[in-house]
Amino acid sequence: MKRLMAGILMLVLCLTGCAWAEEWPQEQNAAYADASADMQRPAKGTAVTRRMVDLTDAPFDNANVLMRYYPGVRVEVVRVADGQHVQVNVGGSEGGLMGYMPSEALLYGELAVRSVRALNVSYSVSDSFRLYSYCDTHADSTVMTYQSMVHALGGLGDWLHVCLDGSQTPAGFISRSGEGLGDVRISYSAYVYTKPMEGELSVEEAVRRVKAFVLADGVQADEGGSPITAELLDACTVETEVMHYYSDDPSMQCFYHISFYYPEGTQGYPYICVGVDLIVEGMNIVSYDYGNG
C-alpha cells in the first residue's frame, strides 16, 4: 500500500509541476538506517539533509521558513546554535542561502553525505531563463543561456533553489511562474558528488598520477594528433569530480573524473585536451580509462 501511495504522489507531483508534499517517500539503504553515533552528533563542517527539512531565519520551531530542502542536500554547518538547531549555509556566497535547520534533520560528515540517497528533482528549461541571486524578483539576476536542465535542491512557494546542469554547486533561484521552466522529472540519484576522506586518494595526488599515465601511455591530443606533453598538461586548466555510487557500504570505491582543458590562446581552447576516469579504492587506483574532448 505504501508503494502504491508513493507512486500516486509522484504522479501528482509530475502532473502539477509541484515539487512538494507534506511527507516525501524516502529510500533508505543500510548505511542510512544504521547511521553511526558520529553521523548523528551535530558538528561544524559538512552535513547532509536526511529528510525533507525547512531552512528558517531563526533557531525556533515557529520561525519564518526561507526554503524547504529535499533529502540528500549537502550543507555546511557554521555553528551549532543550541541542542535543537544548527546554523547552515546551503551553497556559497553567490547563489546560496544561510539559515537554521533542526539538528536531528541532518547527518554529519563526508561519510554521511555518501549514506543518504539524494532525491533528484530536475526541470527542463528553455533556451533562456532568469536566475536570481535571491528568491525575490527585485534581486540581482542573470539571463542564462545554453542550458537544457536545472536541478532543484528545494523550494518554497513560487521559488526553487537550483544547481545548473553539470554542476554540484547551488547557482541561484528560479521563479516557477517565470518564463523558461518546463517539465519536471523526479527520481532517486544513483550517485552523489563527494570529497576524498582521510585514507583516500586526494585530488592533488590523483591529478599527479593521471599526468604520469597520460605521458607514459603516449596519449595523443585531439588537435594535431601529436602526443600530449608535460608542458601542455601543466598549462591546462584542470577540473575534477569525485563521485560515489550508492551501496550498502559508503566507504567503497569512488569514481574520479579528471578533465584537462586546453589553455587559453592555444589551438584547442576552450575544449578538453584529455579526460581520464579513475576507479579508486582507498589510496589505490583500481582502473583508469581515457576520453578526449
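Reference entry: report on the structure contained in this document. (Residues numbered from 1 in each chain as written. Predicted model: local features only at pLDDT ≥ 70, side-chain atom pairs only at ≥ 80, totals over all residues. Heavy atoms only, no water.)

## Observations concerning the overall build of the protein
When its secondary structure is counted, the protein shows six helices and 19 strands. The buried share of the protein, taken over its 293 residues, is 43%. Taking as baseline every contact in the protein between residues at least 6 positions apart, the subset at least 24 positions apart corresponds to 59%. (Helix = DSSP H or I, 4+ residues; strand = E, 2+ residues; numbered from the N terminus. Buried < 20%, exposed > 50% of the residue type's maximum accessible area, 1.4 Å probe, protein only. Contact = heavy atoms within 4.5 Å.)

## Observations regarding the packing of aromatic side chains
Within this structure, the stated rule accounts for six aromatic pairs. Pairing Tyr-132 with Trp-159 gives two aromatic rings, centres 5.3 Å apart and planes at 90°, and the pair type is edge-to-face. Taken together, the residues Tyr-132 in strand E9 (residues 128-132) and Trp-159 in strand E12 (residues 159-164) connect sequence positions 27 residues apart. The class of Tyr-132 is buried, set by a relative accessible area of 12%. Ring geometry for Tyr-191 against Tyr-245: centres 5.4 Å apart, planes inclined by 55°, an arrangement best described as tilted. Of this pair, Tyr-191 sits in strand E15 (residues 191-193) while Tyr-245 sits in strand E16 (residues 237-245); the two residues are 54 residues apart in sequence, bridging distant segments of the chain. Tyr-191 sits in the partly exposed class, given a relative accessible area of 32%. Through successive ring pairs, a cluster of aromatic residues spans Tyr-191, Tyr-193 and Tyr-245. (Phe/Tyr/Trp six-rings, centres within 6.5 Å; stacked < 30°, edge-to-face > 60°.)

## Quick look at helix H5 (residues 203-217)
A rise of 1.5 Å per residue sets the reference length of H5, with its 15 residues, at 21 Å; its end C-alpha atoms lie 21 Å apart and thus fit the reference within 8%. Of the residues making up H5, those classed as buried are Ala-206, Val-207, Val-210 and Val-214. Mapping the buried residues of H5 onto a view down its axis gives an arc of 95°, with all of them on the same face. With respect to the buried face of H5, the exposed residues turned more than 90 degrees away are Glu-204 and Ala-216. The secondary structure elements touched by the buried residues of H5 are helix H6 (230-235), E16, strand E17 (254-261), strand E18 (272-281) and strand E19 (284-291). Downstream of H5 by a residue or two, Gly-218 has a phi angle that is positive, lying close to 65°. (Expected span 1.5 Å × (residues − 1). Arc of directions from axis to C-beta.)

## A few points about the sheet that holds E17
Judged by pairing direction, the sheet is antiparallel, and its five strands sit side by side in the order E15-E16-E17-E18-E19 without closing on themselves. For this open sheet the edge positions go to E15 and E19, each flanked by a neighbour on one side alone. On average, adjacent strands in this sheet sit at an angle of 25° to one another, irrespective of strand direction. When E15 meets E16, the two strands line up antiparallel, connected through three bridges. Among the inter-strand pairings, Tyr-191 is bridged to a residue of E16, identified as Tyr-245. (Pairing = 2+ DSSP bridges. Axes fitted to C-alpha atoms, helices over the stretch in contact; angles between N-to-C directions.)

## With respect to the environment of Tyr-271
Tracing the chain through its elements places Tyr-271 in the loop between E17 and E18. Given a relative accessible area of 56%, Tyr-271 falls into the exposed group. The sequence separation of Tyr-271 and Tyr-261 amounts to 10 residues, and the corresponding C-alpha distance is 5.7 Å. Sequence-distant contacts of Tyr-271, that is, excluding residues within four places in its chain, are made with Tyr-261 and Tyr-262.

## Description of the environment of Leu-55
With respect to the element layout, Leu-55 can be found in strand E2 (residues 53-56). Between the alpha carbons of Leu-55 and Met-101 there is a distance of 5.3 Å; along the sequence they are 46 residues apart. Excluding anything up to four places from it in sequence, Leu-55 contacts Asn-64, Val-65, Leu-66, Met-67, Tyr-69, Val-88, Leu-97, Met-98, Gly-99, Tyr-100 and Met-101.

## With respect to the pattern of salt bridges
A full pass over the atoms with the stated rule returns eight salt bridges. Taking the shortest distance from any N to any O, the salt bridge between Glu-104 and Arg-51 comes out at 2.4 Å. Of this pair, Glu-104 sits in the loop between strand E6 (97-102) and strand E7 (106-108) while Arg-51 sits in the loop between strand E1 (45-49) and E2; the two residues are 53 residues apart in sequence, bridging distant segments of the chain. With relative accessibility at 27%, the residue Arg-51 sits in the partly exposed group. The salt bridge involving Glu-200 is made with Arg-114; its shortest N-O contact spans 2.8 Å. One end of the pair, Glu-200, is in the loop between E15 and H5; the other, Arg-114, is in the loop between helix H4 (110-113) and strand E8 (119-125), and 86 residues separate them in sequence. The exposure class assigned to Arg-114 is buried, which follows from its relative accessible area of 0%. (Salt bridge = Lys/Arg side-chain N within 4 Å of Asp/Glu carboxyl O.)

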